[in-house]
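# Structural features, examined
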Amino acid sequence: MSNDIRVAPTTSVQSAPRWWAAPLLGTLLAPLVAAAVSGTDNTFADRTFLMAGGVVLAYAVILPSWFLSRAPALGRRRIHLAAVGCALAAMFPAMISTLGWMVFLVALFTGHVDG
(Lines give C-alpha, C1' and ligand atoms only; values in the text may rest on other atoms or scores of the structure.)
Protein backbone atom coordinates (compact mmCIF):
# COMPACT_ATOMS: atom_id res chain seq x y z
CA MET A 1 0.00 0.00 0.00
CA SER A 2 1.37 3.35 -0.99
CA ASN A 3 0.48 6.91 -0.18
CA ASP A 4 1.38 8.18 -3.64
CA ILE A 5 -1.16 10.46 -5.21
CA ARG A 6 -1.12 10.07 -8.92
CA VAL A 7 -2.46 12.88 -11.02
CA ALA A 8 -3.74 12.03 -14.43
CA PRO A 9 -1.98 13.97 -17.16
CA THR A 10 -4.13 16.72 -18.57
CA THR A 11 -4.49 17.16 -22.29
CA SER A 12 -5.52 20.76 -22.57
CA VAL A 13 -5.75 22.59 -25.82
CA GLN A 14 -3.64 25.69 -25.80
CA SER A 15 -5.60 28.88 -26.01
CA ALA A 16 -4.92 31.09 -28.99
CA PRO A 17 -3.45 34.47 -28.11
CA ARG A 18 -6.03 37.21 -28.47
CA TRP A 19 -8.80 34.80 -29.49
CA TRP A 20 -11.31 37.45 -28.43
CA ALA A 21 -10.14 40.14 -30.88
CA ALA A 22 -12.26 39.14 -33.90
CA PRO A 23 -15.52 38.54 -31.97
CA LEU A 24 -15.06 41.79 -30.05
CA LEU A 25 -14.36 43.77 -33.20
CA GLY A 26 -17.42 42.29 -34.90
CA THR A 27 -19.59 42.93 -31.85
CA LEU A 28 -18.56 46.57 -31.67
CA LEU A 29 -18.49 47.24 -35.40
CA ALA A 30 -21.86 45.69 -36.36
CA PRO A 31 -24.07 48.36 -34.69
CA LEU A 32 -21.93 51.12 -36.18
CA VAL A 33 -22.21 49.64 -39.66
CA ALA A 34 -25.96 49.10 -39.28
CA ALA A 35 -26.49 52.68 -38.07
CA ALA A 36 -24.40 54.12 -40.88
CA VAL A 37 -26.10 52.11 -43.61
CA SER A 38 -29.66 52.59 -42.34
CA GLY A 39 -29.11 56.33 -42.06
CA THR A 40 -27.57 56.92 -45.50
CA ASP A 41 -30.82 56.74 -47.45
CA ASN A 42 -33.48 59.30 -46.53
CA THR A 43 -36.29 56.79 -47.05
CA PHE A 44 -34.95 54.71 -44.16
CA ALA A 45 -34.41 57.61 -41.76
CA ASP A 46 -37.58 57.00 -39.75
CA ARG A 47 -37.46 53.22 -39.85
CA THR A 48 -35.47 52.07 -36.88
CA PHE A 49 -36.38 48.43 -37.54
CA LEU A 50 -33.81 48.43 -40.33
CA MET A 51 -31.03 49.31 -37.95
CA ALA A 52 -32.32 46.98 -35.23
CA GLY A 53 -32.84 44.16 -37.72
CA GLY A 54 -29.34 44.57 -39.07
CA VAL A 55 -27.86 44.45 -35.58
CA VAL A 56 -29.92 41.40 -34.54
CA LEU A 57 -29.01 39.55 -37.73
CA ALA A 58 -25.33 40.43 -37.31
CA TYR A 59 -25.30 39.35 -33.66
CA ALA A 60 -26.99 36.08 -34.57
CA VAL A 61 -23.98 35.32 -36.78
CA ILE A 62 -21.28 36.78 -34.50
CA LEU A 63 -22.50 35.26 -31.23
CA PRO A 64 -21.33 31.68 -31.96
CA SER A 65 -17.77 32.96 -32.45
CA TRP A 66 -17.61 33.81 -28.74
CA PHE A 67 -18.38 30.21 -27.80
CA LEU A 68 -16.06 28.40 -30.21
CA SER A 69 -13.13 26.53 -28.78
CA ARG A 70 -10.16 28.80 -28.19
CA ALA A 71 -7.90 26.61 -30.28
CA PRO A 72 -5.65 28.43 -32.75
CA ALA A 73 -7.12 26.40 -35.60
CA LEU A 74 -10.49 28.13 -35.20
CA GLY A 75 -9.10 31.65 -35.39
CA ARG A 76 -9.91 31.98 -39.08
CA ARG A 77 -13.51 30.85 -38.46
CA ARG A 78 -13.91 33.58 -35.82
CA ILE A 79 -12.68 36.18 -38.30
CA HIS A 80 -15.06 34.91 -40.98
CA LEU A 81 -18.05 34.97 -38.63
CA ALA A 82 -17.28 38.54 -37.58
CA ALA A 83 -16.84 39.67 -41.20
CA VAL A 84 -20.05 37.95 -42.35
CA GLY A 85 -21.94 39.49 -39.43
CA CYS A 86 -20.79 42.99 -40.32
CA ALA A 87 -21.58 42.40 -44.01
CA LEU A 88 -25.10 41.26 -43.13
CA ALA A 89 -25.57 44.35 -40.97
CA ALA A 90 -24.56 46.47 -43.97
CA MET A 91 -26.75 44.61 -46.47
CA PHE A 92 -29.90 44.29 -44.34
CA PRO A 93 -31.65 47.50 -45.54
CA ALA A 94 -30.94 46.61 -49.16
CA MET A 95 -32.24 43.06 -48.64
CA ILE A 96 -35.46 44.31 -47.04
CA SER A 97 -35.96 46.93 -49.75
CA THR A 98 -35.37 44.41 -52.53
CA LEU A 99 -37.72 41.91 -50.91
CA GLY A 100 -40.41 44.59 -50.53
CA TRP A 101 -40.15 45.64 -54.17
CA MET A 102 -40.26 42.03 -55.33
CA VAL A 103 -43.42 41.35 -53.32
CA PHE A 104 -45.00 44.53 -54.68
CA LEU A 105 -44.15 43.72 -58.30
CA VAL A 106 -45.37 40.14 -58.03
CA ALA A 107 -48.61 41.35 -56.47
CA LEU A 108 -48.95 44.02 -59.17
CA PHE A 109 -48.34 41.67 -62.09
CA THR A 110 -50.59 38.94 -60.75
CA GLY A 111 -53.51 41.34 -60.27
CA HIS A 112 -53.54 41.50 -56.48
CA VAL A 113 -52.97 45.27 -56.32
CA ASP A 114 -55.77 47.65 -57.28
CA GLY A 115 -54.39 50.70 -59.00
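My aim in this report is to walk through the structure given alongside it, one point at a time.

### Considerations on the overall build of the protein
When helices and strands are tallied, the protein shows three helices and zero strands. For the protein, with 115 residues in total, the buried portion stands at 23%. In the protein, once contacts between residues fewer than 6 apart in sequence are set aside, the share between residues at least 24 apart is 69%. When the accessible surface of the protein is totalled, it reaches about 8500 Å², and 68% of it is carbon and sulfur.

### What about helix α3 (residues 75–109)?
In this model, α3 (35 residues) spans 49 Å end to end at C-alpha, consistent with the 51 Å of a helix rising 1.5 Å per residue. Along its length, α3 reaches its greatest deviation from straightness, about 45°, at Met91, and the proline Pro93 lies no more than four positions downstream. Inspection of α3 places Arg78, Ala82, Gly85, Cys86, Leu88, Ala89, Phe92 and Pro93 among the buried residues, and these make up the whole buried set. Buried residues along α3 sit against α1 (21–40) and α2 (48–67). Following α3 by one or two positions, Gly111 adopts a phi angle in the positive range, close to 85°.

### Details of unusual backbone geometry
Even without glycine at this site, Arg18 takes up a positive phi of about 55°. For Arg18, the location among the structural elements is in the segment before α1.

### Some words on the packing of α2 against α3
For the pair α2 and α3, the least separation of the axes is 8 Å and the interaxial angle reads 160°. Overall, the two elements α2 and α3 adopt an arrangement that is roughly antiparallel. Note that α2 runs across α3; the crossing there is right-handed. Contacts between α2 and α3 involve Phe49, Leu50, Gly53, Gly54, Leu57, Ala58, Val61, Ile62, Pro64 and Ser65 on the former and, on the latter, Arg78, Leu81, Ala82, Val84, Gly85, Leu88, Ala89, Phe92, Pro93, Met95 and Ile96. Looking at side-chain class alone, the contact of α2 with α3 contains 16 nonpolar, four polar and one charged residues.

### Looking at the nonpolar core
Ala30, Ala34, Val55, Ala58, Ile62, Cys86 and Ala89 form the largest nonpolar core, which has seven residues in total. Counting only elements with at least two residues in this core, the list comes to α1, α2 and α3. The biggest single contributor to this core is α2, with three residues. Ignoring anything within four residues of it in the chain, the contact list for Val55 reads Ala30, Pro31 and Ala34.

### A look at α2
Residues three or four positions apart in an α-helix share a direction because the helix packs 3.6 residues into each turn. Given a rise of 1.5 Å per residue, 20 residues ought to cover 28 Å, and the 29 Å separating the end C-alpha atoms of α2 matches this to within 8%. Of all the residues in α2, the buried ones are Leu50, Gly53, Gly54, Val55, Ala58, Val61, Ile62 and Ser65. Where α2 is buried, its residues meet α1 and α3.

The rules we used
Residues numbered from 1 in each chain as written. Predicted model: local features only at pLDDT ≥ 70, side-chain atom pairs only at ≥ 80, totals over all residues. Heavy atoms only, no water. Helix = DSSP H or I, 4+ residues; strand = E, 2+ residues; numbered from the N terminus. Buried < 20%, exposed > 50% of the residue type's maximum accessible area, 1.4 Å probe, protein only. Contact = heavy atoms within 4.5 Å. Areas by Shrake-Rupley, 256 points an atom, 1.4 Å probe, with all protein chains shown as cover. Expected span 1.5 Å × (residues − 1). Bend = angle between axes of the 7 residues up to and from the residue. Axes fitted to C-alpha atoms, helices over the stretch in contact; angles between N-to-C directions. Parallel < 35°, antiparallel > 145°, perpendicular 65-115°, else oblique. Left-handed = near helix turned anticlockwise from the far one by under 90°. Nonpolar A, V, L, I, M, F, W, Y, C, P; charged D, E, K, R; others polar. Core = buried A, V, L, I, M, F, W, Y, C linked by side-chain atoms within 4.5 Å.

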